[in-house]
Amino acid sequence: MYETIAFYLFSALTIGLFLITVMSKNVLYAMTSLAAGMVLISGFFFILGADFLGVVQLIVYVGAIMALYSFAMMFFDATRDIKERNTNSALVFALGGLSALVLVLMFAAPIYSENIKALYPMHESIGNAQDVGIVLFTKYLVPFEVAAVMLLVAMIAGIILAGKKMDQSLTEDLSADDEILTTKDAK
Amino acid sequence: MIGLEHYLIVSAILFSIGLVGVLRRRNLLMLFFATEVMLNAVNIAFAAISHYYNDLTGQMFAFFIIAIAASEVAVGLGILIVLYKKYGSLDLDDLASMKG
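The sections below set out a description of the structure shown in this document. (Residues numbered from 1 in each chain as written. Chains lettered and ligands numbered in written order. Predicted model: local features only at pLDDT ≥ 70, side-chain atom pairs only at ≥ 80, totals over all residues. Heavy atoms only, no water.)

Overview of a nonpolar patch on the surface
Here is step 1 of the chain: A cluster of nonpolar side chains, namely A:Val39, A:Phe46, A:Val55, A:Leu58 and A:Ile59, defines an oily patch on the protein surface of about 400 Å² accessible area.
Here is step 2 of the chain: Within the element layout of this structure, A:Ile59 appears in helix H3 (residues 51–73). (Patch = residues over 30% accessible without salt bridge, like charges linked within 9 Å, V, L, I, M, F, W, Y side chains within 5 Å. Areas by Shrake-Rupley, 256 points an atom, 1.4 Å probe, with all protein chains shown as cover. Salt bridge = Lys/Arg side-chain N within 4 Å of Asp/Glu carboxyl O. Helix = DSSP H or I, 4+ residues; strand = E, 2+ residues; numbered from the N terminus.)

Spelled out as structure tokens, the structure:
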């Protein structure tokens, strides 16, 4: 009963928030609704019994990725509304819906073939986090290490790409720099 | 009672929202947000299948998707900052320099 209520509440809120993310003209609104939608998606994971996945979703998505986005937004002008030239949006909507439908049919077809056996079955006696840990560090050890190397490469790439010429101003108009300089001179 | 189909339908709706966003957005930062929406939709589907088939493989895939999303954001935001320094805008129409 509670599961049903939670499912419908979470799904309605998530769909609404992600619609705001996709449709909004303001970067701040889009980012805030994206963060809220990700929190609600971790709620889905908790309903489904994937406790560890839900916690990772909260820490990595809501914590790390949204913090990274908000840091990056300090470089861009976030208060200004984004002007976009949207040509032929009806065609885009039709194409998006159609290709999503094709994708869903494609991926849903094998599921209903009833031939799926559990490769790494869950154990009810031990918790989800322990279960995940055992499978991750035995069966998925090599992908885990490769993912670690990938994260290291991404970190180095991020530092090198963003770190160049950090002393220069990013904004086009130099009036803000002049203002800072005049206040410095006044002191 | 909520079945696997319910979760898959929600996941499909969220995925198509993200796909519409990728297709209609012209700002690169907003394009990144739409990609995050799509990745999250796929994660819901993986977690639901993992629960209803009593199998941990779906959750493992979701973990690796989260790792990939994190590294994608790190590299992508670095590229976005470099582009903004170079062109002063993040609009895809301004950035189209190849005429083909």
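A look at the interface of chain A and chain B
Here is step 1 of the chain: The interface of chain A with chain B comprises 85 residues on the first partner and 69 residues on the second.
Here is step 2 of the chain: Summed over both partners, the interface of chain A with chain B buries about 7,000 Å², with 75% contributed by carbon and sulfur atoms.
Here is step 3 of the chain: Considering only the surface of chain A that becomes buried against chain B, A:Leu48, A:Tyr69 and A:Phe76 emerge as the three largest contributors, covering 11% of it.
Here is step 4 of the chain: Applying the counting rule to chain A against chain B returns seven residue pairs in polar contact (both at pLDDT 80 or more).
Here is step 5 of the chain: At the level of secondary structure, the elements contributing two or more residues to the side of chain A that touches chain B comprise helix H1 (2–23), helix H2 (27–47), H3, helix H4 (89–108), helix H5 (128–138) and helix H6 (141–163) of chain A.
Here is step 6 of the chain: Looking at side-chain class alone, the side of chain A that touches chain B contains 60 nonpolar, twelve polar and 13 charged residues. (Contact = heavy atoms within 4.5 Å. Buried area = accessible area lost by both parts, 1.4 Å probe. Polar contact = N/O pair within 3.5 Å; in protein donor to acceptor, adjacent residues only side chain to side chain. Nonpolar A, V, L, I, M, F, W, Y, C, P; charged D, E, K, R; others polar.)

Describing H5(A)
Here is step 1 of the chain: Of the residues making up H5(A), those classed as buried are A:Asn128, A:Asp131, A:Val132, A:Val135 and A:Leu136. Taken end-on, H5(A) shows its buried residues confined to a sector of 120 degrees, consistent with a single buried face. Across from the buried face of H5(A), at angles greater than 90 degrees, the exposed residues are A:Gln130 and A:Thr138.
Here is step 2 of the chain: In this structure, the buried residues of H5(A) make contact with H3 and H6 of chain A together with helix H3 (57–87) of chain B. (Buried < 20%, exposed > 50% of the residue type's maximum accessible area, 1.4 Å probe, protein only. Arc of directions from axis to C-beta.)

Quick notes on the side chain of A:Gln57
Here is step 1 of the chain: You can see A:Gln57 is positioned in helix H3.
Here is step 2 of the chain: Residue classification places A:Gln57 among the buried positions, given a relative accessible area of 0%.
Here is step 3 of the chain: Side chain to side chain, A:Gln57 and B:Asn40 meet in a polar contact 2.9 Å long.
Here is step 4 of the chain: When residues no more than four places from it in sequence are discounted, the contact partners of A:Gln57 are A:Met38, A:Ile41, A:Ser42, A:Phe45, A:Val62, B:Asn40, B:Asn43 and B:Ile66.

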